[in-house]
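# Chain and residue survey
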Amino acid sequence: MTATTRYDAIIVGGGHNGLVCAAYLAGAGRKVLLLERRHLLGGAAVTEEHLAGFKYSACSYVVSLLRPEIIHDLELAKHGLSIIPLACSFTPDLSGPGLVRWPDFARTHDEISRLSRRDADRYPEFGKAMGKMGDFIRPLLMQPAPDPTRLPRRLGESLSLLRRLRKLGPRGLAQFVQLMTQSAVDLLDRWFESDRLKAPMACSGIIGTFLGVRSPTTAYVLLHHYMGEIDGAYRAWGFARGGTGAISEAIASAARARGAEILCEAAVEKITTRRGSARGVVLEDGREFEARVVISACDPRRTFFSFVGRDQLDDDFVAQITRYRYRGSSGKVNLALDRLPDFSCRPGRGLHLQGDIAIAPSIDYLERAYDEAKHGAFSRRPYINLVIPSLTDPTVAPPGKHVMSAFVQYAPYQLAEGPAAWDQQREAFGDTVVETLEEYCPGLKDAILHRQVLTPLDLEREYGLTEGNIFHGELSLEQLLFMRPTMGWARYQTPIQNLWLCASGAHPGGGLMGAPGALCARRLLEEHYL
Amino acid sequence: MIDVVVIGAGINGLTAATMLARAGLAVEVVEARPVLGGMAAREPIADGYLAPVGIYETTGVRPWMLNAVGIALSPELPRLHGSGGVVVDLAQRRVEGVDPTDAAAFEDLVELVTRIGPLFWRLMDHPPIDPVASGWRSLWAAARVGLSARRLGFEALRELLRAAPMPLADFLDERFESNALKGLLAAEALKYRFAGAKSPTTALDLLAALVYQSAGIVPACRLLERLVAAAKHHELRVRCGVRVSSVNFDGSRATGVTLSDGMRIEARSVLSTVHPRQTLCELISPRYLPAALRDDLRAWRSQGSTARLDLVLAQPLRDNAGRPLSRFALSDNLSELERAYDQGKHRQSTLEQLVLTGQQFDLDGGFADRGHDAHVVCLTVQHVPSDRVVDENALRAAVRQRLSAIDANLAQHLRAERFTSVAALAQGFALDGGQFEHGELSLDQQYFMRPQIRCASYRAPLRGLYLGGNGSHPGRGFNGAAGALAANAMLADR
Amino acid sequence: MLLPTPVHSRTFAACRSFRFKDWGGYLAVAAYDPSSEVEYYAVRHGCGLFDVSPLRKYDISGPDAGAFLSYLTVRDVAKLAVGRVSYLCWCNDDGQLIDDGTVTRIDAEHYRLTATLPGLHWVDDRASGFNVTVSDVTDRLVALALQGPQARGLLEQLGELNKLRFFRSRAVRLAGLDCYLTRTGYTGDLGYEIWADAADGPALWDALLAAGAAFGLRPAGLEALDICRIEAGFVLNGIDYRSALQCHTAAQSSTPYECGLGWAVDLEREPFVGQAALRKRRGEERLFGVVADWPAIEALFRLQGLPPTIPSAASREGVPLYDGDGCQIGRVTSRTWSPQLKQYIGIAAAPQAHAVPGTRLQMEFTVEYQRRQVPVTVTELPFFDPPRKRSR
Ligand SMILES: Cc1cc2nc3c(=O)[nH]c(=O)nc-3n(C[C@H](O)[C@H](O)[C@H](O)COP(=O)(O)OP(=O)(O)OC[C@H]3O[C@@H](n4cnc5c(N)ncnc54)[C@H](O)[C@@H]3O)c2cc1C
Ligand SMILES: Cc1cc2nc3c(=O)[nH]c(=O)nc-3n(C[C@H](O)[C@H](O)[C@H](O)COP(=O)(O)OP(=O)(O)OC[C@H]3O[C@@H](n4cnc5c(N)ncnc54)[C@H](O)[C@@H]3O)c2cc1C
């Protein structure tokens, strides 16, 4: 089949970033085609129904990083987006009543007071300090990364960053350095004494990373999760009504309304080039499309090694992309439940179930979970982040029934026996998760009507996440900012002319943020590449 | 009234005191232990045999420092043996006992180390830049660092920026196949760190270790001997066997120290080379320091995890080929090393994995009285923090076991042994946790953060009090650099 | 979700207005009666009983207790004799106020510090290096403030006071219960604060109320307290200044000088937290009182065709203060109609030059969404200071 129309831009991959990019470009009057391999849009942000009436947020399950300016620019509320904040953070315990952190000061103070009065008194200050650091970092998330190695061309950006750094003052600057390099536990140790408080707080430092709570640099990841905001209200995570897929659908609807053409079940096989410049794509089914620019919304390795081909790239760049690390470490178990689980430490259907629930009884527990994984096995007693969205959003389960989403760490892509061994270990992994949960809510097992187990291998196969990494490459310091995906190519452009990157493998990285997609589109338009 | 009291007569204290004396100042040194030398001082292992309790080798001994104290020494580049016949030879810039790809990759690594050397030394040989200070001086200093960084060229800069936050394991896995080589490099790089090879930011430790070692190694005793001689030459007054119990202030500046025997020494300034938290929180009333600084110091991490073991052998340790070993770093592979760290981290009592590094000295090293013919092996055993419950005898046995894998005859030659636990080091040297370098050399405790952002220029936030121990920049290599830079700061303030 | 105080069963039952407030995480009564005026008049003419249990209370004991408190706070507490109370505040390194309260020397090595806001960590962190133990006894004690001209008579019915003098304290038995009594208060009137075991709270409350009928006693809520403390010229953490622990920027914080607490700062002594900064910041700004021209307020209402109305409770929203040229020079942080003085009064802060008594300034005043200004006159604090407060 030959191309009939020539597009301004083809976007490869219908994840939320691809969709955001498409919506912005189409909104600026460009002729845009978006191609998605699967039958549904959203990538890692999808709602799937495996048992009639039960809607799983298959991968991504809570949202907060989604940039408010994107919600506003694309009028996502008009296109059906509605985000319901989580009620609290609940950490069940095997002995004692567990801990619930509420948005309300007095209630949280009371809860933490049972562990430590000092910690309770100090807790609000911690949020304030993180907020302050967040205010410093946040602007970096909505602008291309300043690159200090590109002086003097980018002198202005680097200097303004430097000025802002100095404005933090000595103590603020020290805190900044600590946040960027310390472990989550080091950071929290400065503030709090209670292990039972620190453990659930430290979890934010490891989500999506292959690091432990005691690994240096996890403090930054913790901050990254603290920066979440919904519509400008800070530090709030929420569910999208209708499941996470509703976010993708809202963005897709906004893109279509702006004139973007979207094709599903259109798997790209090759990005074609002519004299070092991208000119279009070839699909697995043989269809071909041409455009002035091709924008990949897939991760860097897939983009360069599968779509473009090593032979089109110079050795140094190939080496850099080869070194770019993925190493997925998370799995997901989605459950359809006949009835609401009952936590023995806090029985009954309280509001505490309407938040996120962390199985993180101690720092040591979390660190041991990591230790097992780093030696090539999934954690026998993993860290689990649970949510029961059906309590807040009844549209995702039949009346009286529930869906439960369990995000699980660690599930290393590289098992000691190799990634392929996941096919044999999938059910054992699912069992481990259910058994761990059963300890906290006896009777859960009997309530399970259906279970979906996603190993890192499944994330790779099904959702196109290379090595199962949920962020398109580790969010480690050496892969952030001007080094994402590699130094010199952090501004969405690539060594192939007219080939751009717009997804989580580009600055500022993964999570349901939409920033890479928006920034890529902005650069294309503002600098007249398109 | 004298000019300066120096607290501590370790390598830093002696370096600083000698420099100050050479500049014509009246200096007095106070040392709590009965002998000079701090952690480098030799103390008896058994009849007739001596070895340092703490530090046995120093790296990064720079010509400018030797000049400053007026001594001559030539660092050497001994071969570093690992398991499985792997030998790193920095003098020849190559590695033996690995396949050609690894050998070539090692040469590339040495090349990278050579390229980044000047930037490292630019940073290590000078006081840290104060990022919040203004004025042309700090701008100039920053510009010079910036220039050194530019001179690296794009690729070396990329490697450095990328390596800095990386786990050492990833850095090594990208380059090498040989497990023995990776184990050796990691064991050597992390010898004093409470971190595993999979901990982020440890790649930088290897780069630093290689830069430092490429500049040569000096047995600690030899450096110490020369320093003591130089101190004698300048008729430095030294008081041993008495502790400083407090630093005194008159409201605006330091006025001297009070000793544990009640005596007071009046001085215009005080230079402390002991652990920074010890200095600022124990020797000084809380009233004199900003409350926030005390909070920050409380969070200073200096949990030691490296114990010491010294062996006296009738015959030298030899490798398979029968050659006497000099330096060695034993860890078969990264996963073994990581497990050793895990066991330490979780304070397990088992001793399944051991990571050992060490150096063998012959009599020239000055480890025995005349007439004794023997060899002394100084060893570091990693990841046995003081709160880890391990049986000392079991530990010794495990070390002997590990060493007999290299030299089967070890047991027959062993004449004496001395074990020094982290707790004993912490106690004996006021190390506050037992960390050799007075504070974990993690990224957040280096450069302008060492020991705290407000006192990284060697000046405590109290007039007349200076900090020049390893808890100050660069705090690496046990070479007296921190003392020397502190002495420079004091001279500049006069 | 607010916590009950030890006398919750009594205060909750007595509160007919259903107007409650969050006081540091505890449920506190704003006004027992739909109008707080009767409570105010009880305090000024009979006596009022306030449940002040939510005040944070820290017990500090050990050989260094006095030295530690002198280091932590702005006063030389070590000089305080046993059985005496002192009012004070504490700051961070930059001289920014963290909180204020009273300290009582209960015994040679035992002090009790009260604080407005949760801040145990701040106190406790400072204690390292001192031979002391700090314990939070907030939940172990009930604290009742009995304030007003009849307070002494009432208490003498229940126990032997031995003429407890202003700012003194002692252990007493009241109605057969072991109590600790301090002659202190936040109303600027004759008054006492009674500290007892939390479990004895209800019994103590009942005994006071039973005996109080003859002394014009009424339970009084925070609204009445607020008016009283403004009349007495006392600042309130969170209203008239913001604790440095809660500030985002330095500009939001205040020094004791800016809050009229300069008199409590003992600068010339051993170093204490914030000393160096306070030396430099002495005299930057001042706290003073303002009295509004009532006819001008009436005129503003008349402009809208309305009769003048003033809310019965004090206003906690700060308003700008302008000089004669209309430049904003300061702020009024607390304002109220004073039923006793029949004046509209406020606590204000501005640079020294504007703080001279008699100076005429303009305060913002809003009527029916229209922002206007009314002339005010600068006065010394307090507005109300009856001799009975400190009488023997
Ligand atoms: C289990 C899990 C839980 C998570 N939880 C959260 C969370 O709670 N909150 C949060 O903020 N983030 C979460 N994340 C991370 C977040 O979902 C991702 O970082 C984000 O969705 C990535 O979006 P993207 O648009 O960059 O890429 P993707 O969503 O990965 O989009 C890439 C798209 O490309 C498509 N594609 C692949 N190959 C081809 C091809 N050959 N041709 C055409 N199309 C192709 C894929 O199908 C996919 O749709 C989670 C991720 C996972 C996996
Ligand atoms: C902001 C603020 C908050 C307050 N909060 C409370 C509170 O929560 N609880 C409470 O009980 N009171 C509180 N008070 C009241 C306060 O404790 C005294 O009533 C008030 O300080 C007395 O000062 P004065 O200006 O009325 O009298 P002045 O005579 O001008 O001042 C008395 C001076 O002498 C000192 N003094 C008086 N008696 C003694 C003594 N026995 N030993 C040592 N020094 C003494 C005072 O501290 C002060 O320095 C507060 C006051 C202020 C300003």
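Reading the values: rules and limits
- Residues numbered from 1 in each chain as written.
- Chains lettered and ligands numbered in written order.
- Predicted model: local features only at pLDDT ≥ 70, side-chain atom pairs only at ≥ 80, totals over all residues.
- Heavy atoms only, no water.
- Helix = DSSP H or I, 4+ residues; strand = E, 2+ residues; numbered from the N terminus.
- Rg over C-alpha atoms; globule rule 2.2 N^0.38 Å.
- Buried < 20%, exposed > 50% of the residue type's maximum accessible area, 1.4 Å probe, protein only.
- Contact = heavy atoms within 4.5 Å.
- Areas by Shrake-Rupley, 256 points an atom, 1.4 Å probe, with all protein chains shown as cover.
- Pairing = 2+ DSSP bridges.
- Axes fitted to C-alpha atoms, helices over the stretch in contact; angles between N-to-C directions.
- Near = heavy atom within 4 Å.
- Polar contact = N/O pair within 3.5 Å; in protein donor to acceptor, adjacent residues only side chain to side chain.
- Buried area = accessible area lost by both parts, 1.4 Å probe.
- Salt bridge = Lys/Arg side-chain N within 4 Å of Asp/Glu carboxyl O.
- Nonpolar A, V, L, I, M, F, W, Y, C, P; charged D, E, K, R; others polar.
- Phe/Tyr/Trp six-rings, centres within 6.5 Å; stacked < 30°, edge-to-face > 60°.
- Lys NZ or Arg CZ within 6 Å of the ring centre and 35° of its normal.
- Core = buried A, V, L, I, M, F, W, Y, C linked by side-chain atoms within 4.5 Å.
- pLDDT = per-residue confidence, 0-100.
- Disulfide = S-S within 2.5 Å.
- Domains from an automatic or database assignment.

## What to know about the overall build of chain C
From N to C terminus, chain C includes 9 helices and 19 strands. Since a compact globule built from 392 residues should have a radius of gyration of about 21 Å, the 21 Å found for chain C is in line with a globular shape. For chain C, the spread of C-alpha atoms along the principal axes amounts to about 60 × 50 × 45 Å. Within the span of chain C, comprising 392 residues, buried residues form 58% of the whole. Taking as baseline every contact in chain C between residues at least 6 positions apart, the subset at least 24 positions apart corresponds to 66%. Total accessible area computed for chain C in this model is approximately 15200 Å², and 51% of it derives from carbon and sulfur atoms.

## Section: the sheet that holds strand β16 (residues 328–338) of chain C
Residues and elements named next belong to chain C. Spatial strand order, β14-β17-β16-β15-β18-β19: 6 strands in a closed barrel with antiparallel pairing. Neighbour-to-neighbour, the strand axes of the sheet open up by a mean angle of 40°, direction not taken into account. In this structure, β16 lies alongside strand β17 (residues 343–351), joined through 7 bridges in antiparallel fashion. Bridge pairing in β17 places W337 opposite Y344.

## Some remarks on the sheet that holds strand β18 (residues 402–409) of chain A
All names here are of chain A. Strand order in the open sheet formed by 7 strands is β7-β6-β16-β17-β18-β15-β19, and the pairing between neighbours is mixed. Sheet topology places β7 (99–101) and β19 (448–454) at the edges, where each strand pairs with a single neighbour. In this sheet, adjacent strand axes meet at a mean angle of 20° when their direction is disregarded. Sheet topology note: the strand β17 (residues 383–387)/β18 ladder contains 5 bridges and is antiparallel. Bridged to Y383 within β18 is Q409.

## Considerations on the site of ligand 1
Residues and elements named next belong to chain A. Around ligand 1, the surrounding shell holds 35 residues, and the nearest of these are N17, E36, V62, S504 and L512. Taking Y61, its main chain carries an N or O atom lying 3.2 Å from an oxygen atom of ligand 1. Interatomic distance of 2.9 Å between a backbone N/O atom of I470 and an oxygen atom of ligand 1. Notes on ligand 1: free accessible area 1000 Å², of which the protein chains cover 97%.

## Description of helix α7 (residues 222–231) of chain C
Residue and element names in this part refer to chain C. In terms of burial, α7 is largely enclosed, as 10 of its 10 residues are buried. Burial in α7 covers these residues: L222, E223, A224, L225, D226, I227, C228, R229, I230 and E231. Of the residues one or two after α7, G233 is the one with positive phi, at around 75°.

## Describing the interface of chain C and chain B
Facing the 12 residues of chain C at the interface are 10 residues of chain B. Contact between chain C and chain B buries roughly 1000 Å² in total, counting both sides, with carbon and sulfur atoms accounting for 43%. Sorting the residues of chain C by area buried against chain B places C:Y71, C:D93 and C:P271 first, and these three jointly supply 43% of that buried surface. Put simply, chain C and chain B have 3 salt bridges between them. For the salt bridge of C:R126 with B:D295, the shortest nitrogen-to-oxygen distance reads 2.4 Å. At the junction of chain C with chain B, the criterion picks out 9 residue pairs in polar contact (both at pLDDT 80 or more). The set of elements that each furnish at least two residues to the side of chain C that touches chain B consists of α3 (65–72) and α4 (120–126) of chain C. Tallied by class, the residues present in the side of chain C that touches chain B amount to 5 nonpolar, 3 polar and 4 charged.

## Here's the deal with the packing of aromatic side chains
Residue and element names in this part refer to chain A. Using the criterion set out here, one finds 37 aromatic pairs over all chains in the structure. Ring geometry for F378 and F429: centres 5.4 Å apart, planes at 70°, overall edge-to-face. One end of the pair, F378, is in the loop between α13 (363–374) and β17; the other, F429, is in helix α14 (residues 422–440), with 51 residues separating them in the sequence. A relative accessible area of 1% means that F378 is categorised as buried. Assessed through its relative accessible area of 0%, F429 is described here as buried. A centroid spacing of 5.5 Å and a plane angle of 80° characterise the contact between W422 and F429, whose relative ring orientation is edge-to-face. Pairwise contacts between aromatic rings join Y123, F126, W191 and F192 into one cluster. Directly above the aromatic system of F378 lies the positively charged group of R380, at a separation of 4.3 Å from the ring centroid.

## Some points on the nonpolar core
Counting 174 residues, the largest nonpolar core has A:L25, A:F126, A:V281 and A:I295 as its most contacted members. The greatest single-element share of this core, amounting to 9 residues, is contributed by helix α4 (residues 117–141) of chain A. Apart from the residues lying within four places of it in its own chain, the contact partners of A:L25 are A:A9, A:I11, A:R30, A:V32, A:I295, A:A521, A:L524, A:L525 and A:L530. Counting 55 residues, the second-largest nonpolar core is a separate cluster that includes B:V98, B:V110, B:L152 and B:A329.

## Quick word on helix α3 (residues 105–113) of chain A
Because the α-helix completes a turn every 3.6 residues, residues three or four places apart line up on one side. For α3(A), the set of buried residues is A:A106, A:T108, A:H109, A:D110, A:E111 and A:I112. At its buried positions, α3(A) is contacted by β7, α4 and α8 (195–203) of chain A together with β4 (56–61) of chain C.

## As for the confidence of the model for chain B
Parts of the model with low pLDDT should not have their predicted coordinates read in detail. Across chain B, the average pLDDT comes to 93, with 98% of residues at 70 or higher. Summarising per-element confidence for chain B, the mean pLDDT is lowest in strand β3 (residues 42–46) of chain B (87) and highest in strand β19 (residues 465–467) of chain B (98).

## Re the pattern of salt bridges
Throughout the structure, instances matching the rule amount to 105 salt bridges over all chains. Between A:R118 and C:D125 there is a salt bridge; the shortest N-O distance is 2.8 Å. Of this pair, A:R118 sits in helix α4 while C:D125 sits in helix α4, on two different chains. Judged on exposure class, the residue A:R118 and its partner C:D125 are both buried. Here B:R175 ties to B:E159 by a salt bridge, and the two come within 2.9 Å at their closest N and O atoms. Here the residue B:R175 occupies a position in helix α6 (residues 168–175), and B:E159 occupies one in helix α5 (residues 153–163), the gap between them amounting to 16 residues. Residues B:R175 and B:E159 agree in their burial class; the two are buried. Taken together, the shared-partner salt bridges connect A:R118, A:R122, A:E193, B:D295, B:R298, C:D124, C:D125 and C:R126 into one network.

## Section: the state of the cysteines
Counting across every chain of the model gives 0 disulfides over all chains. Looking at A:C502, it has no disulfide partner, and the nearest cysteine sulfur is the one in A:C21, 4.2 Å off.

## Details of the domain arrangement of chain C
Put simply, an interface is often sized by how much accessible area is lost when its parts join up. All names here are of chain C. Partitioning chain C into structural domains gives domain 1 (8–54 + 138–231), domain 2 (57–134 + 247–280) and domain 3 (285–387). Using C-alpha coordinates to define each centre, domain 1 is positioned 30 Å away from domain 3. Contacts between the two partners involve 14 residues from domain 1 and, on the opposite side, 18 residues from domain 3. Summed over both partners, the interface of domain 1 with domain 3 buries about 1400 Å², with 55% contributed by carbon and sulfur atoms. On the surface where domain 1 and domain 3 come into contact, there are 1 salt bridge. Across the pair D226 and R316 runs a salt bridge, and its minimum N-O distance is 2.9 Å. Where domain 1 packs against domain 3, one counts 7 residue pairs in polar contact (both at pLDDT 80 or more).

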